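Architecture and fold: a report
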Amino acid sequence: MARGNVTVVLAHGAWADGSSWARVITALGAEGIKAQAAPLPLTSLADDIAALNRSLDRTEGPIVLAGHAYAGAVIALARPARVKALVYVAALAPDESEKVADVFYRLPPHPQAPKLAPDDNGLIWLPEDAFAAAFAQNAPAEDRAVLAAVQRPISLNCITVPAGRPLWKDIPSWVLIAEQDRMIVPETQRYMAERMKANIRAFPVDHTPSVTAPAAVTDIIRDAVRTVSGN
C-alpha cells in the first residue's frame, strides 16, 4: 500500500475550527499525503461523532485519524471500518464510561488556565485573553488574533456524557504530549497515553502545536501513515 492511498482526517478540538490544521495539511500535502479537516459542530459528543463519520464517508481507502484536545474523545468513537490508526495531539482520551470532563479535570489546572463556565445557552466560550495565556502562548500575536476570531464554543453535552468503547483498545495509536500545555495538564496527557499503550512523543510545545509547531505534528502523523501503509 502506498502512502498516497492513506487519507489523514483531522479533527479540531474546542474553541478551534479546521483552519487550525492549515500548516499540517500543507506539510502533509507536500509529501503526497492526502489530508482533510473534519468540521465538528461541538454541540454534543454524539453530534461530533456523526459529523466525523460524514467526513470519513467522503474518503476512500485506509484512514489515519488525528484529533486535537477534546477531539481525542471523538476520533476514538468513529466508525471503525477503515480507520487504521489514531493520532492524539495534546488530546484527551477518555476510557469507556469516562466523561471528557473526568480526564480534563483529573488534576489541578495550570495557574494560567482560564476559568471555564457555560453561558445561558450551555455553551463554553474561551475568554479572549486565554489564547495568549494558555491556548497558544507560543504563537505570534497575529495567529492568536485569528484563533480568537474563529473560535467555536463547546457545549456541555460534549464533555458530560460517558464515552463508549474507544478504538485505541483495538488499533495502534500515537500521542503527542505537549509539555508546555496550560489547558490539558501534561501529566494527564502522559497518564492517558501510557494507559493506551500508545507510541509517545513529547515536545516542549503549547496546547495548539498544529499552529505553533506544525513540524512536530506532521512528523508524528507521518509515522502513523508510514506504519499503516507499510512504507
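Rules used throughout
Residues numbered from 1 in each chain as written. Predicted model: local features only at pLDDT ≥ 70, side-chain atom pairs only at ≥ 80, totals over all residues. Heavy atoms only, no water. Helix = DSSP H or I, 4+ residues; strand = E, 2+ residues; numbered from the N terminus. Expected span 1.5 Å × (residues − 1). Buried < 20%, exposed > 50% of the residue type's maximum accessible area, 1.4 Å probe, protein only. Pairing = 2+ DSSP bridges. Right-handed = clockwise from strand over helix to strand, strands pointing away. 1 Å grid on protein atoms, 1.4 Å probe; cavity = no way out; pocket = protein on both sides within 12 Å on 5 of 7 lines; lining within 4 Å. Points joined across faces, edges and corners; volume = space filled by probe spheres on them. Nonpolar A, V, L, I, M, F, W, Y, C, P; charged D, E, K, R; others polar.

**Here we look at helix α10 (residues 214–229)**
Here α10 is 16 residues long and its end C-alpha atoms lie 22 Å apart, about the 22 Å a rise of 1.5 Å per residue gives. The complete set of buried residues in α10 reads A216, V217, T218, I220, I221, R222, D223, A224, V225, V228 and S229. With its phi angle positive at about 80 degrees, G230 sits one or two positions after the end of α10.

**Digging into the pairing of strand β7 (residues 173–178)**
Most of β7 sits out of view: 6 of its 6 residues are buried. Along β7, one buried face is formed by S173, V175 and I177 and the opposite face, lined by W174, L176 and A178, is buried too. The pairing of strand β4 (residues 83–89) with β7 spans 4 bridges and is parallel. Looking across to β7, one finds that V89 is bridged to L176. The sheet contact formed by β7 and strand β8 (residues 199–203) spans 5 bridges and is parallel. Looking across to β8, one finds that A178 is bridged to F203. As a crossover connection, the stretch from β7 through helix α8 (residues 186–196) into β8 is right-handed.

**Digging into the layout of surface pockets**
The calculated volume of the largest pocket comes to roughly 180 Å³. Taken together, F104, Y105, L107, P109, H110, A113, P114, K115, L116, M183 and V185 make up the full set of residues lining the largest pocket. Considering only residue class, the lining of the largest pocket consists of 9 nonpolar, 1 polar and 1 charged.

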